[in-house]
Amino acid sequence: MLELMVDGVQTSFWWVMNHLLIINIIFSILIIFFQRQNPTTVWAWLLVLYFIPVLGFVLYLVLGQNFHKDRMFRMKEIEGEMKYAIRRQGESIYKKKLRLRDPEQGRYRNLILYNLNEGESVLTDNNDIQIFTDGKEKFKALLWEMDHARNYIHLQYYIIKNDELWKEIEEVLIRKVKQGVEVRVLFDSMGCRTMHNRDWERLETAGIQVAEFFPAVLGSLQLRVNYRNHRKIVVIDGRVGFVGGFNIGREYLGRDKKFGYWRDTHICIQGSAVVSLAVRFILDWNYAARENLFLDDRLFAVPEFERVGREPVQIISSGPDSRNPVIRNNYLRLIHMAKKSVYIQTPYFIPDSDILNALKIAAKSGIDVRIMIPCKPDHPFVYWATYSYMGDMIAAGAKCYTYDKGFLHSKCMCVDGLATCMGTANMDIRSFALNFEVNATIYSAKTTSKLEEAFRKDIETATLVTRKKYQNRGLVIRVKEQVCRLLSPLL
């Protein structure tokens, strides 16, 4: 029997080898004609298929499939006051009745309208914004706000690691449940793969509701490496909301020797924009938990605020469920509108051709374009692709830096000292189209100036990559760049 099985395997293997050209042609036809992909991405996959026959198609099934959006993630229509607010604000913009407190912000009227039409993102202008660039400060504030919750805590992170930071957060969540506070934890299956079922069961036993986004099959097998929920959102009582780059883990406190100090950007919002974050969380929760929390009006109530700010904010989101890449288009539109400066911090800089060309045109037009990336990789292939695109920007006249103090994970773009787009989305193709992301577009000189000041402070512990330095890189680095750049549409 064993000999027959061995003979069968050998026969199948040689049959595949003898018909490899035909099999590759069939797979290529499937990729080209049966999946609507960007042409650049198609060519990259065909290249993989050419060099890694058969196995390349298996990789495509895991990494490259373009699941039909309507089947994969159907958005819940929001009725009532939200729809009315969107329609009313749209009419106000069309009739040029929308008044921003800062007259200079009027130039962003068209972008506000775009976000309203494409992302159903209402502009609110009564927000207080607190900026965090240090993990210890951010999590200290988060723990304090959760400890003062009265009605509910909604917590969503891409990565949660079962270490001392999570244990501290879990302790607060369990204590609040005992006090009658509703607690929901939404996590991404891929990002939280180091957690175990018993960790989530412990929460559920304590009365915390838990939902998993795109669960693994057969325990830990991930069939969807793409389409991950990369959002980081916390909403407490509809009163306060957190959004930004920090996940939950000891490295985000700077306690991991591999990364050293962790430089990120997160904000805490108090004001009506928190309702938009609440809606974003509930859309994701409803999909993952198969519930309909829109029936619970308490979750959308706008409480009385002790501090009433004046920061105009739109919460924007995008992903495979979006009709258009809203966050990517915000980045692009802001770059096109820049008159003086564009400051970008991102751990991964793999822009599409439109973003890259817009930045190069800006730099060649005398606009102060500055881009900062980490000095060390957490994903080597992505890092060397990033470094190659930095070379394009250096040649165009942009000032490009590598952050030397530790690891830079901030996802933030500031324009002209007037507007900021920041949140969970990197400046790369994956964040533009393949992951579920959420950003805040902030039309405020006050907040933008603070973030630009943080950027300039980071320059003190960063290295300027000059043309000479970039041109003198070694042969090994050049080869890494070219290979990784070729694969960049897949990264």
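Here's a quick rundown of the structure. (Residues numbered from 1 in each chain as written. Predicted model: local features only at pLDDT ≥ 70, side-chain atom pairs only at ≥ 80, totals over all residues. Heavy atoms only, no water.)

Overview of the packing of aromatic side chains
Piece 1. Using the criterion set out here, one finds 18 aromatic pairs in the structure.
Piece 2. Look at phenylalanine 213 and phenylalanine 436: their rings are 5.1 Å apart centre to centre, the planes differ by 70°, and that puts the pair in the edge-to-face class. With phenylalanine 213 in strand 4 (residues 209–213) and phenylalanine 436 in the loop between helix 15 (429–434) and strand 17 (437–443), this residue pair connects regions lying 223 residues apart in the sequence. Here phenylalanine 213 matches phenylalanine 436 in class, with each residue buried.
Piece 3. Centroid distance phenylalanine 214 to tyrosine 287: 5.8 Å. Interplanar angle 80°. Geometry classified as edge-to-face. With phenylalanine 214 in the loop between strand 4 and strand 5 (233–236) and tyrosine 287 in helix 11 (residues 273–289), the pair connects residues that are 73 residues apart, well separated along the chain.
Piece 4. Relative accessible area serves as the criterion here: at 5%, phenylalanine 214 is assigned to the buried category. (Phe/Tyr/Trp six-rings, centres within 6.5 Å; stacked < 30°, edge-to-face > 60°. Helix = DSSP H or I, 4+ residues; strand = E, 2+ residues; numbered from the N terminus. Buried < 20%, exposed > 50% of the residue type's maximum accessible area, 1.4 Å probe, protein only.)

Some points on the side chain of asparagine 127
Piece 1. Topologically, asparagine 127 is positioned in strand 1 (residues 124–134).
Piece 2. Within the structure, the side chain of asparagine 127 is placed 3.0 Å from the backbone nitrogen of alanine 273, a separation counted as a polar contact.
Piece 3. At 3.0 Å, the side chain of asparagine 127 and the backbone oxygen of glutamate 311 are in polar contact.
Piece 4. Here asparagine 127 is in contact with Ile269, Gln270, Gly271, Ser272, Ala273, Gly309, Arg310, Glu311 and Val313, once residues within four sequence places are set aside. (Polar contact = N/O pair within 3.5 Å; in protein donor to acceptor, adjacent residues only side chain to side chain. Contact = heavy atoms within 4.5 Å.)

Notes on the environment of histidine 379
Piece 1. Along the chain, the position of histidine 379 falls in the loop between strand 11 (368–374) and helix 14 (380–396).
Piece 2. C-alpha separation for the pair histidine 379 and tyrosine 348, spaced 31 residues apart in sequence, amounts to 9.2 Å.

What to know about the pairing of strand 17
Both faces of the sheet carry side chains from a regular strand, because those side chains alternate between them.
Piece 1. When you tally the buried positions in strand 17, you get seven out of seven residues, the bulk of the element.
Piece 2. Relative to strand 17, strand 8 (residues 311–318) runs antiparallel, the two being bridged by six bridges. Counterpart to valine 313 in the pairing with strand 17 is isoleucine 442.
Piece 3. As defined by bridge partners, strand 15 (residues 419–423) adjoins strand 17 across five bridges and the pair is classed as antiparallel. Within the sheet, the bridge partner assigned to threonine 420 lies in strand 17 and is isoleucine 442. (Pairing = 2+ DSSP bridges.)

Regarding a nonpolar patch on the surface
Piece 1. Taken together, the side chains of Leu475, Val479 and Val483 make up a nonpolar region of the molecular surface, amounting to roughly 290 Å² of accessible area.
Piece 2. As for its placement among the helices and strands, valine 483 is situated in helix 18 (residues 475–486). (Patch = residues over 30% accessible without salt bridge, like charges linked within 9 Å, V, L, I, M, F, W, Y side chains within 5 Å. Areas by Shrake-Rupley, 256 points an atom, 1.4 Å probe, with all protein chains shown as cover. Salt bridge = Lys/Arg side-chain N within 4 Å of Asp/Glu carboxyl O.)

Structural notes on unusual backbone geometry
Piece 1. Positive phi is not limited to glycine here, since glutamate 120 has a value of about 50°.
Piece 2. Mapped onto the fold, glutamate 120 is located in the loop between helix 7 (109–119) and strand 1.
Piece 3. The class for glutamate 120 is partly exposed, based on a relative accessible area of 31%.
Piece 4. Notably, aspartate 237 is not glycine yet its phi reads approximately 60°, a positive angle.
Piece 5. Relative to the helices and strands, aspartate 237 is located in the loop between strand 5 and strand 6 (240–244).

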